[in-house]
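# Analysis of the macromolecular model
Spelled out, the chains give:
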Amino acid sequence: MHIAALLGLLDAASRLDSADLTPLVIAGREIGLLNPDWKAQVVSHAEFQDEGARVVLAPALDRYNDISAVLMRIARGWRDSGRLSGWRGENFTAFAQDGTPLFELERAAFRPLGLISRAVHVNGLVRQADGSLKMWIGRRSPHKSVEPDKLDNLTGGGVAAGESLLAALERESWEEAGMPAAAVRELSSAGRVFAQRRVARGLHREWLHTYDLWLDEGTVPCNQDGEMSEFVLMSPQEVVKAIVDGRFMADAALVALDCLARNRALGASSARIVAALLPIKGSTSPLLA
């Protein structure tokens, strides 16, 4: 079952060496983390003050629209100078820990500032005649600019600014797997998993809101937007091996393992995986819905 490898993966996912990271304070809230390169970029702008132990946006900028406008202007400058790549033309909302929306910003700029985004992920499950389960796994298109051909959950995608979790769930489920809104509208949340790691553009920090969708054996996912090249029905053992072999997207691997462990599909190892996931699990606060 590769339990040692899985526990190692989850241990790494729960740790982030923050010795060289500087908290970013906006509207009086510590909301981001800056690596040394991006700290230098940020403090070169007059709107920010370097206090050594933290970087602070001018306190006078404390309203949603004002913060959004300043940060977007700075991000566009980074884009136009070639400093910031991967521009998507889609905004994410940055929330305080209590769920208060503080501002919105182009999603490509979230990683440089170490901001926390939100995503919805759906596990597609099928109950076999013998009581065991299998999981629908998507393969990303070979034409994707980010991690082509990697394995993914049934659906998974970011929650746009102004979009509810339900709206994102319905949109992503249709676009990526051809699942109609009626199939996912009544799904209950299976919880949240926090993904955090260093990436080329800064820090990836995201709450993954997870859902389990049970499908009939005759229901086959069908991608609508070209982002998936195929879907494969895999056993828990096949999913685990693919994760250990590094064939999964990092976030999708966490979501899939959480699902398999919650549904006790990993046999005697299920309880150990559930325990290993606890440091990166979160409650389903309605403020973040």
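A brief report on the enclosed structure follows. As the structure is a prediction and not an experimental result, all values here were calculated from the model.

## So, the layout of surface pockets
In this structure, the largest pocket spans a volume of roughly 1000 Å³. Together, 39 residues line the largest pocket, and Arg88, Arg107, Arg111, Arg140 and Val146 are the ones closest to its centre. Only helix H4 (110–113), strand S7 (116–127), strand S10 (155–158), helix H5 (165–177), strand S11 (189–199), strand S12 (202–214) and helix H8 (250–262) provide two or more residues apiece to the lining of the largest pocket. Of the residues belonging to the lining of the largest pocket, the class tally is 12 nonpolar, 8 polar and 19 charged. Considered as a void within the structure, the second largest pocket measures approximately 420 Å³ in volume. Lining the second largest pocket are 18 residues, and of these Glu30, Ile31, Phe95, Gln97 and Ile116 sit closest to its centre. Counting residues per element, the lining of the second largest pocket draws most heavily on strand S2 (residues 29–34), which supplies 5 residues. Considering only residue class, the lining of the second largest pocket consists of 10 nonpolar, 3 polar and 5 charged.

## As for the pairing of S11
Relative to S12, S11 runs antiparallel, the two sharing 10 bridges. The residue bridging phenylalanine 194 from the neighbouring strand is tryptophan 207, located in S12. Bridge count for S11 against strand S14 (residues 281–282) is 2 bridges, and the pairing is antiparallel. Directly across from valine 193, in S14, lies its bridge partner lysine 281.

## Let's talk about the packing of aromatic side chains
Evaluation of the coordinates by the stated rule reveals 3 aromatic pairs. Where phenylalanine 92 meets phenylalanine 110, the ring centres are 5.6 Å apart and the plane angle is 85°; that geometry is what we call edge-to-face. Of the two residues, phenylalanine 92 is situated in strand S5 (residues 91–95) and phenylalanine 110 in helix H4; the sequence distance between them amounts to 18 residues. Lying over the aromatic face of tryptophan 87, arginine 79 brings its terminal NZ or CZ to 4.5 Å of the ring centre. Just above the ring of tryptophan 38 sits the side chain of arginine 83; from NZ or CZ to the centre is 4.1 Å.

## Some points on the packing of H8 against helix H9 (residues 270–277)
Axis separation between H8 and H9 bottoms out at 8 Å; the angle between their running directions is 135°. Of the possible angle classes, the one that applies to H8 and H9 is oblique. Between H8 and H9 lies a crossing whose hand is left-handed. Residues Leu254, Leu257, Asp258, Leu260, Ala261 and Arg262 of H8 form the contact with H9, whose own contacting residues are Ser270, Ile273, Val274 and Leu277.

## Quick word on the environment of glutamine 224
Here glutamine 224 is to be found in the loop between S12 and strand S13 (228–234). Overall, the relative accessible area of 39% leaves glutamine 224 in the partly exposed class. Remark: the alpha-carbon pair of glutamine 224 and glycine 162, spanning 62 residues in sequence, is separated by 23 Å. Excluding residues within four positions of it along the chain, glutamine 224 makes contact with Trp174, Glu175 and Gly178.

## Details of the pattern of salt bridges
Across all of its chains, the model carries 21 salt bridges by this definition. Between lysine 241 and aspartate 245 there is a salt bridge, and its shortest N-O distance comes to 2.7 Å. With relative accessibility at 42%, the residue lysine 241 sits in the partly exposed group. Here lysine 281 and aspartate 258 are joined by a salt bridge, their closest N and O atoms 2.9 Å apart. Here the residue lysine 281 occupies a position in strand S14, and aspartate 258 occupies one in helix H8, the gap between them amounting to 23 residues. Given a relative accessible area of 26%, lysine 281 falls into the partly exposed group. Relative accessible area serves as the criterion here: at 2%, aspartate 258 is assigned to the buried category. Here the salt bridges do not stand alone but share partners, grouping Glu163, Arg171, Glu172 and Glu175 into one network.

## Digging into the nonpolar core
Counting 36 residues, the largest nonpolar core has Met135, Val239, Ile243 and Phe248 as the members making the most contacts within it. The set of elements that each furnish at least two residues to this core consists of helix H1 (3–13), S7, strand S8 (133–140), S11, S12, helix H7 (236–244), H8 and H9. When residues in this core are grouped by element, the largest group, 9 residues, is from H8. Leaving out residues up to four positions away in the same chain, isoleucine 243 has contacts with Leu6, Leu9, Phe248, Ala253, Ala256 and Leu257. Counting 29 residues, the second largest nonpolar core, distinct from the first, contains Val42, Leu71, Trp78 and Leu113.

Reading guide: rules and limits
- Residues numbered from 1 in each chain as written.
- Predicted model: local features only at pLDDT ≥ 70, side-chain atom pairs only at ≥ 80, totals over all residues.
- Heavy atoms only, no water.
- 1 Å grid on protein atoms, 1.4 Å probe; cavity = no way out; pocket = protein on both sides within 12 Å on 5 of 7 lines; lining within 4 Å.
- Points joined across faces, edges and corners; volume = space filled by probe spheres on them.
- Helix = DSSP H or I, 4+ residues; strand = E, 2+ residues; numbered from the N terminus.
- Nonpolar A, V, L, I, M, F, W, Y, C, P; charged D, E, K, R; others polar.
- Pairing = 2+ DSSP bridges.
- Phe/Tyr/Trp six-rings, centres within 6.5 Å; stacked < 30°, edge-to-face > 60°.
- Lys NZ or Arg CZ within 6 Å of the ring centre and 35° of its normal.
- Axes fitted to C-alpha atoms, helices over the stretch in contact; angles between N-to-C directions.
- Parallel < 35°, antiparallel > 145°, perpendicular 65-115°, else oblique.
- Left-handed = near helix turned anticlockwise from the far one by under 90°.
- Contact = heavy atoms within 4.5 Å.
- Buried < 20%, exposed > 50% of the residue type's maximum accessible area, 1.4 Å probe, protein only.
- Salt bridge = Lys/Arg side-chain N within 4 Å of Asp/Glu carboxyl O.
- Core = buried A, V, L, I, M, F, W, Y, C linked by side-chain atoms within 4.5 Å.

Function cannot be inferred from these measures alone, as they are strictly geometric.
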